[in-house]
Amino acid sequence: FLDVLPSLRLKNRGQELGMIECIQCPGQTIFVPAGWWHIVLNLDFTVAVTMNHMLPSMLPNALAFFGKTTPTFARMLRQELKKLSEERRRLLPSLDTSDDDEN
């Protein structure tokens, strides 16, 4: 990234691509919307607290993606979904929670 960033700045490609660059100061929070590509470059010693959020409607596509890219994680996620109470499972879209790696 340290090689790519200067070239994006030099050729003005970052602006063309919609790149937003900022410096986050202590105590500030940055929200990165779902689906936005992003990178973080720490300028000093840093402690970061992150949270990934997935809406229930995103689960079918996420399970399919994880099944192809990280089957072990997909299997673990399906197992955890099976543990949800019936009431909470009703809030989710129809999901295949079988342990096969195809879904």
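Small disclaimer: the values here were computed from a predicted structure and weren't measured.

Re the packing of aromatic side chains
Where two aromatic rings form a pair, the distance of their centres and the angle of their planes describe that pair.
And then number 1: Counted according to the given criterion, the structure contains two aromatic pairs.
And then number 2: With 4.8 Å between their ring centres and 90 degrees between their planes, F66 and F73 make a pair best called edge-to-face.
And then number 3: Cluster of aromatic residues (ring-pair linked, three or more members): F65, F66 and F73.

Considering the packing of helix α3 (residues 59–69) against helix α4 (residues 71–82)
And then number 1: Between α3 and α4, whose axes approach to 6 Å, the crossing angle comes to 140 degrees. When the axes of α3 and α4 are compared, the pair comes out oblique. Seen from α3, the contacting residues are L59, L63, F66, G67 and T69; seen from α4, they are P71, F73, A74, L77, R78 and L81.
And then number 2: Considered class by class, the residues forming the contact of α3 with α4 number eight nonpolar, two polar and one charged.

About the cut-offs
Residues numbered from 1 in each chain as written. Predicted model: local features only at pLDDT ≥ 70, side-chain atom pairs only at ≥ 80, totals over all residues. Heavy atoms only, no water. Phe/Tyr/Trp six-rings, centres within 6.5 Å; stacked < 30°, edge-to-face > 60°. Axes fitted to C-alpha atoms, helices over the stretch in contact; angles between N-to-C directions. Helix = DSSP H or I, 4+ residues; strand = E, 2+ residues; numbered from the N terminus. Parallel < 35°, antiparallel > 145°, perpendicular 65-115°, else oblique. Contact = heavy atoms within 4.5 Å. Nonpolar A, V, L, I, M, F, W, Y, C, P; charged D, E, K, R; others polar.

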